[in-house]
Amino acid sequence: MTDAITIKKLTYAYPDQEALFKDFNLSVAVGEWLAIVGHNGSGKSTLAKLILGLLDFDEGQVTVFGQVLSEQSLSAIRRQVGMVFQNPDNQFVGATVADDVAFGLENHQLPSIEMPAKIERALKQVGMADFADREPHTLSGGQKQRVAMASVLALEPKVIILDEATAMLDPEGKQALLQNLKELKARYQDELTLIMITHDMEEAAMADRVAVIDDGRLVFDEKPETLFLKGDRLRALGLAQPFAMDLQKSLGIMNPSYLTTQELATWLSTLKA
Amino acid sequence: MVINIEGVDFAYGTGKQEVPVLKDIQLTIPENQITAIIGQTGSGKSTLVQQLNALLKPTAGQVQIGQHLVTSQTKEKQLTAIRAEVGMVFQFPEAQLFAPTVIEDVMYGPLNFGAEPKDARAAAEKALTQVGLDATFYDQSPFNLSGGQMRRVALAGVLAMDPQTMVFDEPAAGLDPAGQEELLQLLKDLRAAGKTIVLISHQMEQVLALADRVVVMNDGQVAADETVTALFERPQSWFEAQHLDLPETVAFQKQLAAAGFIFDHLAKTADDLAEQINDQIDWPKGNAEQKNGALTSQSAQPTSDKGGFRHE
Amino acid sequence: MNNLVIGQYVPGDGLLYRLDPRTKILMTIVYVFLLVFANDWQSYLWSAAFLLTALLLTRQGLGLYWRGIKPILWLILFTVVLQLLFSGGTPVLFTFGPVKVTTPGLINAVYVVVRFVLIVLMSTILTITTAPTAIASAIESLLKPLKFFRVPVAELALMLSIALRFVPLLMAETDKIMKAQKSRGMSLSTGSLIKRAKAVVPLLVPLFVGALQRALDLANAMEVRGFESAEGRTRYRELSYGRDDTLAFFATLIFAIGFVWLSIL
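Attention here is on the structure that accompanies the text. Note that the structure is a prediction, hence the values are computed from the model and not measured. (Residues numbered from 1 in each chain as written. Chains lettered and ligands numbered in written order. Predicted model: local features only at pLDDT ≥ 70, side-chain atom pairs only at ≥ 80, totals over all residues. Heavy atoms only, no water.)

**Remarks on the overall build of chain A**
And step 1. Broken down by element type, chain A carries 11 helices and 10 strands.
And step 2. Relative to the compact-globule value of 19 Å for 273 residues, chain A shows a C-alpha radius of gyration of 20 Å, a close match.
And step 3. The C-alpha extent of chain A, read off along each of the three principal axes, is 65 × 45 × 35 Å.
And step 4. When burial is assessed residue by residue, chain A has 62% of its 273 residues classed as buried.
And step 5. Excluding contacts between residues fewer than 6 apart, the proportion of contacts in chain A whose partners are at least 24 apart in sequence is 63%.
And step 6. Taken together, the 26 basic and 38 acidic charged side chains of chain A have centroids lying 4 Å from each other. (Helix = DSSP H or I, 4+ residues; strand = E, 2+ residues; numbered from the N terminus. Rg over C-alpha atoms; globule rule 2.2 N^0.38 Å. Buried < 20%, exposed > 50% of the residue type's maximum accessible area, 1.4 Å probe, protein only. Contact = heavy atoms within 4.5 Å. Lys, Arg positive; Asp, Glu negative; His and termini not counted. Charge placed at Lys NZ, Arg CZ, Asp CG, Glu CD.)

**Re the sheet that holds strand 4 (residues 59-64) of chain A**
Residue and element names in this part refer to chain A.
And step 1. Ordered by their spatial adjacency, 4 strands build an open sheet running 2-1-4-5, and the pairing between neighbours is antiparallel. The sheet is open, and its two borders are formed by strand 2 (19-28) and strand 5 (67-68), each paired with just one other strand.
And step 2. Pairing geometry for strand 4 and strand 5, over 2 bridges, is antiparallel. Its bridge partner being in strand 5, Thr63 is matched across the sheet by Val68.
And step 3. Set on the sheet, helix 1 (residues 44-51) makes contact with strand 1 (5-13), strand 2 and strand 4; between it and strand 1 the angle comes to about 115 degrees. (Pairing = 2+ DSSP bridges. Axes fitted to C-alpha atoms, helices over the stretch in contact; angles between N-to-C directions.)

**Overview of the sheet that holds strand 3 (residues 33-37) of chain A**
Residues and elements named next belong to chain A.
And step 1. Taken together, the 6 strands give an open sheet; going across it, the order is 6-7-8-3-9-10, and neighbouring strands pair in mixed fashion. What marks the edges here is a single partner per strand, and that holds for strand 6 (81-84) and strand 10 (217-222). Strand-to-strand, the axes of this sheet are offset by a mean angle of 15 degrees, without reference to chain direction.
And step 2. As paired strands, strand 9 (residues 209-214) and strand 10 are joined by 5 bridges and run antiparallel to one another.

**As for the environment of B:Pro93**
Residue and element names in this part refer to chain B.
And step 1. For Pro93, the location among the structural elements is in the loop between strand 6 (86-89) and helix 3 (102-112).
And step 2. C-alpha of Pro93 to C-alpha of Ala154: the two residues are 61 residues apart in sequence and 5.8 Å apart in space.
And step 3. Here Pro93 is in contact with Arg151 and Ala154, once residues within four sequence places are set aside.

**Re the pairing of strand 7 (residues 165-169) of chain B**
All names here are of chain B.
And step 1. Of all 5 residues making up strand 7, 5 are buried, and the element is well covered by its neighbours.
And step 2. What you see with strand 7 is no split at all: Thr165, Val167 and Asp169 on one side and Met166 and Phe168 on the other are buried throughout.
And step 3. Across 4 bridges, strand 6 lies against strand 7 in parallel orientation. Bridging from a neighbouring strand, Gly87 pairs with Met166 of strand 7.
And step 4. Pairing of strand 7 with strand 8 (residues 196-200) involves 5 bridges; the strand directions are parallel. Bridged to Asp169 within strand 8 is Ile200.
And step 5. At this point the chain moves from strand 7, through helix 6 (residues 177-192), to the parallel strand 8, and the crossover so formed is right-handed. (Right-handed = clockwise from strand over helix to strand, strands pointing away.)

**Things to note about the interface of chain A and chain C**
And step 1. Contacts between the two partners involve 40 residues from chain A, matched on the other side by 27 residues from chain C.
And step 2. Buried surface at the junction of chain A and chain C, summed over both partners, amounts to about 2800 Å²; 53% is from carbon and sulfur atoms.
And step 3. For C:Arg237, the salt bridge is made with A:Asp99, and the minimal N-O distance between the two is 2.9 Å.
And step 4. Seen at the junction of chain A and chain C, the total is 19 residue pairs in polar contact (both at pLDDT 80 or more).
And step 5. For the side of chain A that touches chain C, the elements supplying multiple residues, two or more each, are helix 2 (74-78), strand 6, helix 3 (97-107) and helix 4 (115-125) of chain A.
And step 6. If one sorts the elements of the side of chain A that touches chain C by residue count, helix 3 of chain A sits on top with 9 residues.
And step 7. Partitioning the side of chain A that touches chain C into residue classes produces 18 nonpolar, 14 polar and 8 charged. (Buried area = accessible area lost by both parts, 1.4 Å probe. Salt bridge = Lys/Arg side-chain N within 4 Å of Asp/Glu carboxyl O. Polar contact = N/O pair within 3.5 Å; in protein donor to acceptor, adjacent residues only side chain to side chain. Nonpolar A, V, L, I, M, F, W, Y, C, P; charged D, E, K, R; others polar.)

Remember that the coordinates give geometry; whether it matters functionally is a separate question.
Below is the structure:
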């Protein structure tokens, strides 16, 4: 089966700098939920920009659903891959919530008459339908990010990349967005591939697979269950591990079955003297 | 230097358009301690801390900042002296960088407050060392640095003023775990050096790890003002009503307590919590094997409660 | 936080909200154009009556408009004084040192004030009842003929609407940077003129850098959502003339005819 995204022998350097990526390989299966983690400056966000052709790589090949990324295929690829960026303010194009969701549809030249239904559907999926006529400066950061999510969903992409989408949100906004992601993934199952770029290990734990990047190198590429057993290695890379694993370490155990505090608490309760 | 907030009201706008933000605040910021100010977005935290260095003047009531008294009538010219004593680090402070070189940017504060260029330079170098930037950075443009390094330069810009009291608004926002760790250490060092710290944070782990005292804001009013231990010993329902998270250690401890575990004190760290848990657990025979058993039998644990997307 | 009414959109549901933005822009232009020629009390009264009708049809309280006028009261007063002092003519009402206040001067002052207030109120009605995006697309539509001369009308309109959308954000950003630099001892109110001008640099550079970063981010976000060119995009909010617009055009026509008739009487 073709992968959703394949990166082969990618080499990229920012102007006048040493190569960030050298012969970098990574593939994402269709319907997979992949977390790409790494400390600030590890190159994880650059990777997202390379996949979407926002930066041009020097060598190598990026393939999206079998289609090789090139100047000719760029628009077609962007129709399949949506992206939510870090700063909630800097990706809000429209004057109102509905106008913002409409922006992509207008670019895709959808007839005006079909837009209201699509906009409403997309806003419903992120729980923002009641805010259609609101202006961006009246929304919280978390609400703006959900609108950005709706704007991407309205275009019905097969892959959504979230580039540190929760980094600038307060805990409430962050939880709402993550909850929303879970619901979307549950609804679309294999029709939706998620790539979440983050340095938050709680988020990484939600994924099927975690790719750890350090200075442009793929250091680990495995399930969260096994990755989080490597607490010391992660710390050395400037990362953390989920609290449940921290506590397990303090308890003197290492059991990858209990990645969340809920699972760990339930298990400990059964062992109570 | 003591900061006393006495009966302070604050509102944006006037007349019919008046939006009250702070209502009758009574507060003392204790010296040489870290006071955390928490509360959900829109509760008035940021407006409150702007009273501490007179960026905003109270609509009613008064703020005593060391020798200075600020009321609604205080003249703008009298406020600059206050700002030399109370430093303010805003959220995403890297947005304030402007100078052609790192060292000039950090010298900006000291020079404004009347330091001689030579002394300002010395203060800037000391501050940059404090945030972990060496001499190779001095003559670089701040705009060529990474996000994390820019944050350090901005922090140094306030440290160089050497204010007795320092206010930090979400200083760790957007930093990776290693960066956050370093920032926590910096705040601890400042306290050890005798500074008074005020910290706004959404991250309860930071509050638990750092704060001596916590002020909880809710809808422009002080909902709690007590030691960090007293605060987190409050019942979970109270935090839910305030729309606040609990630190993970505390949440976990409360969860186990609800399941019948008995704890004699609030655990501040994972190690502390583990010790208290271990005392109450009857690890089945062959302790080590049992504990690590699932390493080799992963399939034993159902993962279905993580939602429908996790299919293997 | 922002008390300025002029230029602000205030959501509502009066008849004027339902009009096509192009209709409102054209009405405003016609009105302002005619008002320039008003020179007797009859035509001013007629213009005021038309304005009052429009005002009531917005179904916003008159207090809103009063708040719109209030910040520019000093400007009005200044104009009155100028008119009173420098109009000349006879008869002289009274003298005050070298200053002579004349009857034509007084009448002129009153006319200028009325004209000024009417124009400000009419434009306020336009902006209060019309969302910035609607104004942008109306301008684009009205300027369409310019495409013939290769003017990139669609791009200009998109730029305008994005610029409008970023205004509140940039104001908040300015406030934040101002406070951050004040906390570092910036003072804009002391020192020589050159010193004060230099003091603005720590404000302007971060604003400029921030705006540039926003622009880059926004360009990325737009590209990823399939933006290639402002030409050929479809529209979520299509402009369409309706029955109400026809009515509005008739009302404006009646106003214009009445105005001309009163002027040549």
